[in-house]
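Chains, contacts and geometry: an overview
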Amino acid sequence: MKMSNLFKTLRNHWKKSLFGAVVISYGINYSLDHYRILKLMRAYCEQAVVSGDTPFIQGKMRRITVILNPAANKRKAKKQFEKYCAPLLYLSGAFVSVIETEREGHAKEIIEKIDPATDAIVIAGGDGTLSETLTGLMRSRGELCRIPVGVLPLGQTNTLAGTLFIDSSKDDHIKWMAEATMAVVKGNTKPIDAFRIEVLKDEKDSAKEGKPVYGVGQIEWGIRRELKRRAESLWYLGPLSQFASLVFTGSGLHTDSTAQHHSRGLITAKLRYTAPCQGCSACYTQRPDLQPESFNNKSNSAASGSKWWNFVSLKKRRAALTNDQKQYHAIINESCSVVEEKIVNTSNLCVSTSNIISDQEKEDAPHVLLTIGPKVKRQGELLTQGLKLIKEENVAAVDKLKAKQIEITPLINDIPKSLIDSNDKKLNVKEDCLSIDNEDYEVRPIKVTVLPNSVKVFCR
């Protein structure tokens, strides 16, 4: 009778019963997830304590400077850092200094004034904070960055952290942050490539020469970047925001309603590039990683981390490094300085480093990969081509170029007015921008140069 009365009550008050079931299910899932997080963090804390109990070499305590962007990830970065990352750093026994950025570009100023005794720099933020910090670091301390850099995925976009800890990023965000922090605690490092972006000057440009910008991810110009920006404005649609950006495109996308090759809607640029080179007499002086000081640094770092019985072969290692250094003077590569030119007319351009490109595109010679996307001439093509661009850049690639240095000169302003149809003006194209590691910059003629093995990052 009691069960019968219970079922009658649930049937008569089905709305309240449904609401109660939803609340109970949410409470159970929240409790289970909270218990899983506590168990996960406890395991990582135990690992950090073990590292903290291990005595440092020569009794020296590591000094770690954390550059935290509290505004990253919709102002959630500070809370996540204090909850999931900071405890692991403190338990490791390191001396941790946390410096928060207060405005855009503040990370560049902070990095120039940090303590010279700092043993590691940890960037707690997204791609924008990473680009700013590396720019300030390489401007002030040279393009061969000897101080190791840690990357904590606390921003909305974390491209480099996704490649360094790809298994964790696919699992859950908390494990991703913990793995990135434990990489700093354990001290495992590897060198990665970076690129230098310089603004090209012409005779008409009377502005002062600007300082270069550095990055480790990619440069985007065109539809893919604008679709990302549009998806951010449609955040309230959740996971459907990317696909909704293809339908509710608004204005400003690189589309050409008249199918003209010389249109205000398409990207028209001149490319000047040189082929990749492993190292020769021509490019020896242009690459910091091949300079004598880099070889000496390698030998010193190898000796400092070695045991006493390995010092027997120290002279042999130094001799081998010296021989490698001298070999580049004797290597002659005629194609190293050959400059090739090409005019492209497309809707999307992307320059990527080896850090984020697929394994099939990697090779021995350091390079950046320029991916030329398709021409999106009509609004209808945006649904098919744009979907490929959102899923993966390489799927919609029309052409690819590998280069050690590439100059990109926009030719939009050089198009004759007679070739611009009146229908193109209805597109209301906004001021064009390109993104460097997901940070927007004004479109200007630029020169991109690869810097092989110039940044040392913490990894697994």
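Summarised in this report is the structure supplied together with it. The structure presented is a predicted model; accordingly, all values stated were derived computationally and were not measured.

With respect to the secondary-structure elements, Thr 157 resides in the loop between strand E4 (149-153) and helix H7 (159-164). Between the C-alpha atom of Thr 157 and that of Asp 437, which follows or precedes it by 280 residues, the distance is 9.0 Å. Contacts of Thr 157, omitting those with residues within four sequence positions, involve Gly 126, Asp 127 and Asn 438.

Among the surface-exposed residues, Trp 235, Tyr 236, Leu 237, Leu 240 and Phe 243 lie close enough to one another that they form a single nonpolar patch of about 570 Å² accessible area. Among the secondary structure elements, Leu 237 is positioned in the loop between helix H10 (223-233) and helix H11 (241-247).

We now examine helix H2 (residues 14-53). Look at H2: 58 Å from first C-alpha to last across 40 residues, which is about the 58 Å you get at 1.5 Å a residue. By the burial criterion, the buried members of H2 are Ile 37, Leu 40, Met 41, Tyr 44 and Ala 48.

Quick look at the packing of H2 against helix H4 (residues 77-91) now. It is the contact of H2 with H4, at a shortest axis distance of 8 Å, that shows an interaxial angle of 25°. In this view, H2 runs roughly parallel relative to H4, as classed from their interaxial angle. In this structure, the crossing between H2 and H4 has a hand that is right-handed. Across the interface between the two elements, Ile 37, Met 41, Tyr 44, Cys 45, Ala 48, Val 49 and Gly 52 from H2 touch Lys 83, Tyr 84, Leu 88 and Leu 91 from H4. When its residues are assigned to classes, the contact of H2 with H4 shows 9 nonpolar, 1 polar and 1 charged.

About the cut-offs
- Residues numbered from 1 in each chain as written.
- Predicted model: local features only at pLDDT ≥ 70, side-chain atom pairs only at ≥ 80, totals over all residues.
- Heavy atoms only, no water.
- Helix = DSSP H or I, 4+ residues; strand = E, 2+ residues; numbered from the N terminus.
- Contact = heavy atoms within 4.5 Å.
- Patch = residues over 30% accessible without salt bridge, like charges linked within 9 Å, V, L, I, M, F, W, Y side chains within 5 Å.
- Areas by Shrake-Rupley, 256 points an atom, 1.4 Å probe, with all protein chains shown as cover.
- Salt bridge = Lys/Arg side-chain N within 4 Å of Asp/Glu carboxyl O.
- Expected span 1.5 Å × (residues − 1).
- Buried < 20%, exposed > 50% of the residue type's maximum accessible area, 1.4 Å probe, protein only.
- Axes fitted to C-alpha atoms, helices over the stretch in contact; angles between N-to-C directions.
- Parallel < 35°, antiparallel > 145°, perpendicular 65-115°, else oblique.
- Left-handed = near helix turned anticlockwise from the far one by under 90°.
- Nonpolar A, V, L, I, M, F, W, Y, C, P; charged D, E, K, R; others polar.

Taken by themselves, the reported measurements are silent on function.
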